Amino acid sequence: MKRYLTMTALAAVAATGIGYWMSQNASTPQLPALVGAAQAAEGHEVVEMTLGSPDAKVQVIEYASFTCGHCANFEKTVFQEIRKNYIDTNKIGFTFRDVYFDRPGLWASMVARCDPMRYFGVQHLLMDDISAWASGEPAQIADNLRKVGRKAGLTDEKVDACLQDADMAQTLYAWWEANSEEHDINSTPSFIINGEKYSNMSYADFSKLLDEKLAE
């Protein structure tokens, strides 16, 4: 289970300001570092990524990092059953919220959010094999993310533009910090179900909990 960075570590990362992680490869996009909420850019809006019914009596929020192995396992196994039995049948609403424990996780989110209509397709590709894209120097990760983007129908130019959007990076990080504080998120995956926080669980436990909430 992926643990949240300490406040000291976050402060050290935020101290880099809105600077970039530059590659020696001139063709590699400039990659934003993590930044603090105080530096959030104006004029950018974060789109909530939701599935199912927004009017259902049970609402689930999943907090997950694109570099979290447990999150990937949940997406491949438990979530598929939840989607089939609860989301696609509109019994519940399900919202995904990205968590930024590290720079690759932020960069992956920026690519996934390049086109909101393609978010879930990119998410699936990223979670399918984290090691295939998240390892190496920033230049290599950027190239790997281009490959993921191409599979999802995004052009290299579109991916590069999204990766270079420092204002959006600031807005996303500020959004994550606010969410983390509101729901006390310190590990992933974490779930907020009708306002209550839960940790990772099996499909059997998750479906039992959802059935109990639906019966209330």
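Throughout this document, residue positions are counted from 1 along each chain, in the order its sequence is written. Local features are withheld for residues below a pLDDT of 70 in this predicted model, meaning they are given only at 70 or higher, and side-chain atom pairs are given and counted only at 80 or more; totals for whole chains, interfaces and linings count all residues. The basis for every side-chain value is the complete set of non-hydrogen atoms in the structure, without hydrogens or water.

Things to note about the overall build of the chain
Then step 1. Strands here are runs of E lasting at least two residues and helices are runs of H or I lasting at least four, both read from the DSSP assignment and numbered beginning at the N terminus. What the chain contains, in helices and strands, is nine helices and nine strands.
Then step 2. In this scheme, a residue with accessible area under 20% of its type's maximum is buried, one over 50% is exposed, and one in between is partly exposed, where area comes from a 1.4 Å probe on protein chains only. Within the span of the chain, comprising 216 residues, buried residues form 50% of the whole.
Then step 3. For the chain, the proportion of contacts with a sequence separation of at least 24, taken over those separated by at least 6, is 76%.
Then step 4. Per-residue and other accessible areas were derived by the Shrake-Rupley procedure at a 1.4 Å probe size, with only the shown protein chains allowed to occlude residues. Of the roughly 10000 Å² that the chain leaves accessible, carbon and sulfur atoms contribute 50%. Contacts are assigned to residue pairs that have any heavy atoms within 4.5 Å of one another.

Re unusual backbone geometry
Then step 1. The linkage connecting Thr188 with the following residue, Pro189, adopts the cis geometry, with an omega of -5°.
Then step 2. Relative to the assigned elements, Pro189 resides in the loop between strand 7 (187-188) and strand 8 (190-193).
Then step 3. One non-glycine residue, Asn194, lies in positive phi territory at about 50°.
Then step 4. Within the secondary structure, Asn194 sits in the loop between strand 8 and strand 9 (196-198).
Then step 5. Asn194 gets classed as partly exposed once you look at its relative accessible area, which sits at 36%.

A short note on the state of the cysteines
Then step 1. To count as a disulfide, a pair of cysteine sulfur atoms needs to be within 2.5 Å. Considering all chains together, one arrives at one disulfide under this definition.
Then step 2. Here Cys114 engages in a disulfide with Cys162; their sulfurs sit 2.0 Å apart. With a gap of 48 residues between them, Cys114 in the loop between helix 4 (103-112) and helix 5 (119-128) and Cys162 in helix 7 (residues 156-163) connect regions that are remote in the sequence.
Then step 3. Under the relative-accessibility criterion, Cys114 is labelled buried at 9%.
Then step 4. You can call Cys162 buried: its relative accessible area is 15%.

Regarding the packing of aromatic side chains
Then step 1. A pair of aromatic rings is counted whenever rings of Phe, Tyr or Trp (Trp by its six-membered ring) have centres within 6.5 Å, and the orientation is called stacked for planes under 30 degrees apart, edge-to-face for over 60 and tilted otherwise. The full count for this structure, using the stated rule, is ten aromatic pairs.
Then step 2. When the ring of Phe96 is compared with that of Phe120, the centres are 5.3 Å apart and the planes differ by 65°; the resulting orientation is edge-to-face. Here Phe96, found in strand 6 (residues 92-98), pairs with Phe120, found in helix 5; they are 24 residues apart in sequence, far enough to count as distant.
Then step 3. On the numbers, 5.2 Å between centres and 90° between planes, the contact of Tyr119 with Phe120 is edge-to-face.
Then step 4. A network of ring pairs unites the aromatic residues Phe66, Phe79, Phe94, Phe96, Tyr119 and Phe120 as a single cluster.
Then step 5. The residue whose ring lies beneath Lys91 is Tyr86, and the NZ or CZ to ring-centre distance is 5.5 Å. Two conditions define a charge located above a ring, namely a distance within 6 Å from the ring centre to NZ of Lys or CZ of Arg, and an angle within 35 degrees of the ring normal.

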